[in-house]
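Understanding the architecture of this molecule
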Amino acid sequence: MKRNWLIFILVCSMGLNIGTIASLAYWRYSNQSGLDLKHLASPLPFRELTRSLNLGPEQCQIIRGLLPEHQQRLRDLRLGVAKQRQELFVILQAGEPSWSAIQDKTREISDLQGKLEMEMVQFFLGFRNCLKPEQKIAFMEFMEHHLVVRQADKGRAQGSGGPRGRSGARVGGID
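Throughout what follows, the structure given in this document is the object of discussion. Within each chain, residue numbers correspond to sequence positions counted from 1 in written order. With the structure being a predicted model, the display of local features is reserved for residues of pLDDT at least 70 and the display and counting of side-chain atom pairs for 80 or more, all residues being used for whole-chain, interface and lining totals. Side-chain measures here rest on the full set of heavy atoms in the structure, leaving out hydrogens and waters.

Topic: the pattern of salt bridges
As a reminder, the rule being used: What counts as a salt bridge is simple: a side-chain nitrogen of Lys or Arg found within 4 Å of a carboxyl oxygen of Asp or Glu. What counts as a helix is a DSSP run of H or I of at least four residues, what counts as a strand is a run of E of at least two, and both are numbered from the N terminus.
Applying the stated criterion across every chain, the model contains 5 salt bridges. For Lys105, the salt bridge is made with Glu87, and the minimal N-O distance between the two is 2.4 Å. Of the two residues, Lys105 sits in helix H4 (residues 99–129) while Glu87 sits in helix H3 (residues 57–93), which places them 18 residues apart along the sequence. One continuous salt-bridge network, built from bridges that share partners, spans Glu69, Arg73 and Glu119.

Below you can see the structure in the form of structure tokens.
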């Protein structure tokens with residue numbers, strides 16, 4: 001009986017040590033490059049959208065006027081979200097983090113994400129306003145396919161076994 005307990009404790013200890021080492025290695029190597037906005041870029045293929053709508057020269061000119069300001073605002077908001085997340089991580093690393101500080105930082109992140117969504121909506125409304133009626137229909141179909149259908153496909157792709165077909169219990173909200 002004692003021998004089984006010793007083996008159990010040894011296995012648990014090894015598992016905890018391996019998990020700790022893996023976590024530290026992940027944290028160390030994922031945090032090297034600082035704030036990299038490549039992974040924060042929008043998944044919506046803008047060039048594909050403009051090609052599929054067959055825009056005229058004056059429409060392209062209007063969109064070219066809207067795009068630089070929009071892209072700068074997106075960069076600023078995404079950078080803000082990334083910085084707030086890093087600050088939240090620092091708060092979480094503290095020995096006894098204050099729950100109110102965590103809530104405040106989470107609200108700030110949520111506010112920035114809301115502003116990011118509003119910027120996207122405002123840009124696409126401005127974009128839609130310069131389209132002809134038949135282009136508006138194609139635009140809405142494109143948006144539906146790339147936003148609604150892709151999000152539904154992501155949920156279906158994981159299936160009941162969790163991400164990438166893994167089985168077992170899923171941690172609440174973490175995929």
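Thoughts on H3
The line we're drawing: For a helix, the expected span equals 1.5 Å multiplied by the number of residues minus one. For every residue, the accessible area obtained with a 1.4 Å probe (protein chains only) is divided by the maximum for its type, and the residue is called buried under 20%, exposed over 50%, and partly exposed between those limits.
Compared with the 54 Å implied by 1.5 Å per residue over 37 residues, the 53 Å span of H3 between its first and last C-alpha is a close match. Turning to H3, its buried residues number three or more, namely Gln59, Ile63, Leu67, His70, Leu74, Leu77, Arg78, Gly80, Val81, Ala82, Gln84 and Leu88.

Side note on the nonpolar core
Heads up, the rule is: To qualify as a nonpolar core, a set must consist of buried Ala, Val, Leu, Ile, Met, Phe, Trp, Tyr and Cys residues joined through side-chain atoms within 4.5 Å. In what follows, residue pairs with any heavy atoms lying within 4.5 Å of each other are defined as contacts.
Core analysis: the largest hydrophobic core is formed by 22 residues, its most contacted members being Leu49, Leu53, Leu55, Phe124, Phe127, Leu131 and Phe139. If you list the elements that add at least two residues to this core, you get helix H2 (46–53), H3, H4 and helix H5 (133–158). If you tally residues by element for this core, the top one is H4, at 8 residues. Beyond its immediate chain neighbours, meaning those up to four positions away, Leu53 contacts Phe127, Leu131, Gln135, Ala138 and Phe139.

Considerations on the packing of H3 against H4
Here is the rule: In this analysis, axes come from line fits to C-alpha atoms, helices being fitted only over the stretch in contact, and the angle between any two N-to-C directions falls in the range 0 to 180 degrees. Our angle categories are set so that under 35 degrees counts as roughly parallel, over 145 as roughly antiparallel, 65 to 115 as roughly perpendicular, and the remainder as oblique. Handedness of a helix crossing follows the sense of rotation of the near helix relative to the far helix, less than a right angle counterclockwise being left-handed and clockwise being right-handed. Residues are grouped as follows: Ala, Val, Leu, Ile, Met, Phe, Trp, Tyr, Cys and Pro are nonpolar; Asp, Glu, Lys and Arg are charged; every other residue, Gly included, is polar.
As a packed pair, H3 and H4 sit with axes 9 Å apart at the nearest point and diverge in direction by 165 degrees. Of the possible angle classes, the one that applies to H3 and H4 is roughly antiparallel. Handedness of the crossing formed by H3 with H4: left-handed. Each residue belonging to the contact of H3 with H4 can be placed in one class, and the counts come to 17 nonpolar, 6 polar and 8 charged.

Notes on unusual backbone geometry
One non-glycine residue, Asn54, lies in positive phi territory at about 50 degrees. Mapped onto the elements, Asn54 comes out in the loop between H2 and H3.

Considerations on the packing of aromatic side chains
Rule in force here: Only Phe, Tyr and Trp rings are paired, with Trp represented by its six-membered ring, and only when their centres lie within 6.5 Å; those with planes under 30 degrees apart are stacked, over 60 edge-to-face, the remainder tilted.
Within this structure, the stated rule accounts for 5 aromatic pairs. Relative to Phe124, the ring of Phe123 has its centre 5.4 Å away and its plane inclined at 70 degrees; by these criteria the two rings are edge-to-face. Here Phe127 and Phe139 contribute two aromatic rings whose centre-to-centre distance is 5.2 Å and whose plane-to-plane angle is 35 degrees, an arrangement assigned as tilted. Of this pair, Phe127 sits in helix H4 while Phe139 sits in helix H5, and the two are 12 residues apart along the sequence. The two residues Phe127 and Phe139 agree in class, both being buried. Ring pairing ties together the aromatic residues Phe123, Phe124, Phe127 and Phe139, which thus form one cluster.

Concerning the environment of Glu119
Worth spelling out the cut-off: Any pair of N or O atoms that falls within 3.5 Å is considered a polar contact. Within protein, one atom must be able to donate a hydrogen and the other to accept it, and sequence-neighbouring residues count only if both atoms are side-chain atoms.
Here Glu119 lies in helix H4. Of the residues examined, Glu119 reaches a relative accessible area of 6% and is grouped as buried. Sequence spacing of Glu119 and Leu74 is 45 residues, and the spatial spacing of their C-alpha atoms is 7.4 Å. Every residue in contact with Glu119, bar those within four places of it in the chain, is listed here: His70, Arg73, Leu74 and Leu77. Within the local environment of Glu119, its side chain forms a polar contact with the side chain of Arg73, the two groups lying 2.8 Å apart.

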